[in-house]
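# Inside the fold
Now for the letters of each chain:
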Amino acid sequence: MRRFGKAMVTLSVAACTLFGGVATANADYVYDGVTYKDNPITLSNVRVSDVGAHTANVSFDYSIDPAQVSRIKDVCFSIEVQRITDITPIKSAAMNHFGQGAFYSSNCDADSNVSDDELTAGSYDAVYGVHNDVEYKGAFHPNAGVGEKLDDPNELAFKASGQHFYRFGTHVWNGKASGSLDFPLIGLTSNTAYTNNAKECKPSVSSQCEFGDSLIIDQEAIQQAENVLWDKGVRVKTPVDVRQVILYAQPIYKDPNTKVTDLSGDNYLKQVPDFTTKAEPTATPAEALPSKTDAKLDVANGHAEPGQTARVYVDNLKDEAKAKADANSLFWYAYIYSVPQALTGPDGSPFVRVQKEASTGKYYFDAVIPAGLPAGEHKISVQDENGTVQAWTPVTVGDAPAPVDKSKLTAAVDAAGKLAEKDYTADSWTPFAKALVDAKAVAAKQDASQTDVDAAVKALADARTGLKKVEIVPSKPVEPSKSDNGGNNKTAADDKKSETQNDEQSELAKTGASLIGVAGMLALLVVLATGFFVAGKIRR
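Residues numbered from 1 in each chain as written. Predicted model: local features only at pLDDT ≥ 70, side-chain atom pairs only at ≥ 80, totals over all residues. Heavy atoms only, no water.

### Some words on the packing of aromatic side chains
What counts is decided by this rule: Two rings from Phe, Tyr or Trp (for Trp, the six-membered ring) form a pair when their centres sit within 6.5 Å of each other. Planes less than 30 degrees apart are called stacked, planes more than 60 degrees apart edge-to-face, and all others tilted. Helix and strand labels come from DSSP, where a helix needs a run of H or I of at least four residues and a strand needs a run of E of at least two; each type is numbered from the N terminus. Buried means the residue's accessible area, taken with a 1.4 Å probe over protein chains only, is under 20% of the maximum for its type, while exposed means over 50%, and partly exposed covers the values in between. Geometrically, a charge over a ring is one whose NZ (Lys) or CZ (Arg) sits within 6 Å of the ring centre while staying within 35 degrees of the ring normal.
Taken as a whole and judged by the stated rule, the model has 11 aromatic pairs. Each ring, one from Tyr-124 and one from Tyr-128, has its centre 4.9 Å from the other, and the planes form 50°; the classification is tilted. In this pair, Tyr-124 and Tyr-128 both sit in helix α3 (residues 121-128), 4 residues apart, roughly one turn of the helix. On the basis of relative accessible area, Tyr-124 is assigned to the buried category, the value being 8%. Clustering of aromatic rings is evident, with ring pairs tying together Tyr-124, Tyr-128, Phe-165, Phe-331 and Phe-351. Over the face of the ring belonging to Trp-230 we find Arg-235, whose NZ or CZ atom lies 3.4 Å from the ring centre.

### Description of the packing of helix α6 (residues 407-416) against helix α8 (residues 450-465)
Definition in use: All axes here are fitted lines through C-alpha atoms, helices being fitted over the stretch that makes contact, and every angle between N-to-C directions spans 0 to 180 degrees. Under this scheme an angle from 65 to 115 degrees is roughly perpendicular, one under 35 degrees roughly parallel, and one over 145 degrees roughly antiparallel; angles in between are oblique. If you view the pair so one helix is near and one far, a crossing is left-handed when the near helix is turned anticlockwise from the far one by less than a right angle, and right-handed when it is turned clockwise. Here, two residues are considered to be in contact whenever any of their heavy atoms come within 4.5 Å of each other. Note on residue categories: nonpolar means Ala, Val, Leu, Ile, Met, Phe, Trp, Tyr, Cys or Pro, charged means Asp, Glu, Lys or Arg, and polar means any other residue, Gly included.
In contact at an axis separation of 9 Å, α6 and α8 are set at 30° when each is read in the N-to-C sense. Classified by the angle between their axes, α6 and α8 sit roughly parallel to one another. Between α6 and α8 lies a crossing whose hand is left-handed. Touching Lys-408, Leu-409, Ala-412, Val-413, Ala-415 and Ala-416 of α6 are Val-453, Ala-456, Val-457, Leu-460 and Arg-464, all from α8. Classifying every residue of the contact of α6 with α8 by side-chain character gives 9 nonpolar, no polar and 2 charged.

### A short note on unusual backbone geometry
Phi at Asp-133 is positive, roughly 55°, even though this residue is not glycine. Structurally, Asp-133 can be placed in strand β11 (residues 131-140). Exposure remark for Asp-133: the relative accessible area of 31% places this residue in the partly exposed category. One non-glycine residue, Asn-328, lies in the positive phi region at around 60°. In this fold, Asn-328 is placed in the loop between α5 (319-326) and β24 (330-337). Taking the relative accessible area as the measure of exposure, Asn-328 reaches 11% and is therefore buried.

### Let's talk about the environment of Ile-90
Tracing the sequence through the fold places Ile-90 in the loop between β8 (72-89) and β9 (101-102). Here the alpha-carbon distance between Ile-90 and Val-236, two residues 146 residues apart in the chain, equals 8.4 Å. Residues in contact with Ile-90, not counting those within four places in the same chain, are Leu-156, Ala-157, Phe-158, Lys-159, Glu-226 and Trp-230.

### Some remarks on the pairing of strand β28 (residues 376-383)
Spelled out, the test is: Two strands qualify as a pair provided DSSP detects at least 2 bridges between them.
As paired elements, β24 and β28 share 5 bridges and run antiparallel to each other. Its bridge partner being in β28, Ile-336 is matched across the sheet by Ile-380. When β28 meets strand β29 (residues 389-397), the two strands line up antiparallel, connected through 8 bridges. Considered in β29, the bridge of Ser-381 is made with Trp-392. What sits between β28 and β29 in their antiparallel hairpin is a turn of 5 residues, with Gly-387 showing a positive phi close to 85°.

### Some points on the side chain of Thr-284
Its location among the elements puts Thr-284 in the loop between β20 (275-276) and β21 (296-299). With relative accessibility at 14%, the residue Thr-284 sits in the buried group. Thr-284 has contacts with Leu-289, Tyr-337, Gln-383, Gly-387 and Val-389, leaving out every residue within four places of it along the chain.

### Considering the confidence of the model for the protein
Stated precisely, the cut-off is as follows: Values of pLDDT, ranging from 0 to 100, describe the predictor's confidence in every residue of the model.
Averaged over the protein, the pLDDT score is 80; the fraction of residues at 70 or greater is 74%. Ranking the elements of the protein by mean pLDDT puts helix α1 (residues 12-15) last with 33 and β20 first with 97. Considering only residues more than four positions removed or in separate chains, one finds that residues 511-516, a stretch of pLDDT under 50, has 0 contacts. Confidence drops under a pLDDT of 50 for residues 524-540, and excluding neighbours within four residues, the segment shows 0 contacts in the predicted structure.

This is the structure:
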């Protein structure tokens, strides 16, 4: 099932005239070089769901004559909403068709249309608001003489109060001959019945007009109600009750000289089932806000300025809510506390629309912070059409925080990036590497707070302090061996043997020296003894 994206709106009560076109009798009627065809589209199974205080969703099935599909460039689906509460007759209103079919166009591409994303607080009220004594032009002169105008599209016919707008949806048709669509309907008044009581006016014997049973659309319902009063001689503001919500479809042909006509059929023209909007939700008091919610809200940097639009991101949406948001039909009611105060959308709507941000894929809504809101700590909450709190978040209003200083974090990341993993133990490098990755993420984060930045700097510093160097055990240097031809090719075993031989020779040398010393002493004693012996013999 495809869904509507951005629909179009136009201000009927202020921009359209009552004079509508030229009479035609049947299909394929050629007039002024343009071929008019019967509408090949059939609408069915129209239903209403998700009715809120100011919004509803209209669903329907459609089918297109297969023989016409290849000739069609796009299909314009439209909903007309009328709720007229009083009329002041001034002239007889000029009827568009005089009981016959009329050239039909829903003005999907009219310059006066306003796209949803172009709405402002002023244009939202101009299109969807309830207004008093709006002028309708297009007067009819039944007694016009020769050379006089029978009707004048620029002459004021009557004034009317109430609500009257069209809502268009284009670029939603997928090119197939049949399918189903959901149409988000906004601009409704809370606690109000949207029903269908506007019928075709039929002349009576007294030449006055009463409502009949046939369905009519566009401004003709108001025109006919005005003519009933005019024919009765009423010339003052008089209460009336003209209501209708009509769905219709119009093919836009590839050939610009081919259009549709014939309002006598009802295949492409359907009443939307009667429904009544809900009362405006009552804001949940601050002390009653739930401690936990499925969805989560986050205001960028936790800060908003009075009189400015704040973007509030929504996380953890349920699948059903995501589907509605993707179809531009998820409408919530937002409030700001301490004392709850309703927030409006940037287009002036009394609700906020949850959408998907194209650049990030995140869901969000925009809300205007009241200009006179005191600076300080506040809360923003959102409720659905049943008054159930979906989520809330704290927010600081006014006194914008100082710019976030990331210089220390950048320097710490740069310095840490110069370290080599091979120089440190695995156990100490793992937490350091994680702290470095986290620090880089905070440095790259556009809306990182100063608290986030400072925490990342500290975590990286702590992890770096915990790094441990790998221990290196020095090895005993080995003398180079001699080659065979140079006498330098001795092995370690040869060196050992040589060392042993040197040790043995040293010990032997020491032993020899000792023996020589002993022998010398013995020789000296022999000499002395001989001397004593000789001396003794002489004295005798």
